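One letter stands for each residue in the lines below.
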Amino acid sequence: TMSPEQPIQQSPRRINPADAMMGEAARLDAIAAQLMAVQRHWNDPNREFHLAAALKASRDAWHAIQTALAEGVLTLPLDVQHNLLILSVYADSKICTCESIPSADTLGSLIALTRTLAGSLKEWQVAA
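Let me sum up the structure you'll find in this document. Just so you know, the residues in each chain are numbered from 1, in the order the chain's sequence is written. Restriction of local features to residues with pLDDT of at least 70 applies here, the model being predicted, together with a cutoff of 80 or more for giving and counting side-chain atom pairs; totals for whole chains, interfaces and linings are based on all residues. Just so you know, side-chain values use all the structure's heavy atoms and leave hydrogens and water out.

## Notes on the overall build of the protein chain
And step 1. Numbering goes from the N terminus for both helices and strands, where a helix is a DSSP run of H or I of at least four residues and a strand is a run of E of at least two. From N to C terminus, the protein chain includes four helices and zero strands.
And step 2. Ordered by position in the sequence, the α and β elements of the protein chain form the string α-α-α-α.
And step 3. Working definition: with a 1.4 Å probe on protein chains only, accessible area under 20% of the residue-type maximum means buried, over 50% means exposed, and in between means partly exposed. For the protein chain, the residues scored as buried account for 34% of the 128 residues in total.
And step 4. In what follows, residue pairs with any heavy atoms lying within 4.5 Å of each other are defined as contacts. For the protein chain, the proportion of contacts with a sequence separation of at least 24, taken over those separated by at least 6, is 69%.
And step 5. Total accessible area computed for the protein chain in this model is approximately 7,900 Å², and 58% of it derives from carbon and sulfur atoms. Only the protein chains shown count as cover for residues, and the accessible areas themselves come from Shrake-Rupley with a 1.4 Å probe.

## Structural notes on the packing of aromatic side chains
And step 1. In summary, the pairing rule links any two rings of Phe, Tyr or Trp, Trp by its six-membered ring, whose centres are within 6.5 Å, and it sorts them by plane angle into stacked for under 30 degrees, edge-to-face for over 60 and tilted for everything else. The final tally for this structure, using the stated rule, is zero aromatic pairs.
And step 2. We call a charge positioned above a ring when the Lys NZ or Arg CZ atom is no farther than 6 Å from the ring centre and deviates by at most 35 degrees from the ring normal. The ring of Trp42 is capped by Arg47, whose NZ or CZ atom sits 4.1 Å from the centre of that ring.

## Topic: the environment of Asp29
And step 1. Among the secondary structure elements, Asp29 is positioned in helix α1 (residues 17–40).
And step 2. Separated by 89 residues in sequence, Asp29 and Ala118 place their C-alpha atoms 6.1 Å apart.

## Quick look at the side chain of Arg59
And step 1. In this structure, Arg59 sits in helix α2 (residues 47–70).
And step 2. A distance of 2.8 Å separates polar atoms of two side chains, one belonging to Arg59 and the other to Glu99.
And step 3. When residues no more than four places from it in sequence are discounted, the contact partners of Arg59 are Asp92, Ile95, Cys96 and Glu99. N or O atoms within 3.5 Å of each other form a polar contact, as long as, within protein, one can give a hydrogen and the other can take it, and as long as residues adjacent in sequence are counted only when both atoms are side-chain atoms.

Here it is as structure tokens:
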């Protein structure tokens with residue numbers, strides 16, 4: 001494990017922004033599938049556990065996007081970056097709602113948001 005004192009190693013190769021976007025898109029697709037599985041098995045006795053894991057994965061992905069935006073890794077048009085930031089903040093609030101008041105409906109809106117973003121990242125990657 002890394003201690004906070006250790007300097008973060010800069011990766012020797014530049015991350016290709018298109019690869020970064022495809023990576024995030026694939027990650028969001030996987031998370032959407034994970035969230036959908038929880039939604040499908042809403043009455044499963046282990047739902048709480050699966051929901052918590054899916055929401056954590058979701059939050060991590062959205063935060064990774066925020067970080068990528070902050071570090072300028074995602075070389076997207078400024079208006080697109082701005083929209084992404086708004087979406088990520090909105091997603092964060094949805095995740096909090098899913099945690100505090102879990103419902104299949106709230107989860108559904110988070111799934112829709114996640115899938116929309118994954119689709120958009122793929123489109124931007126193609127356009128890039």
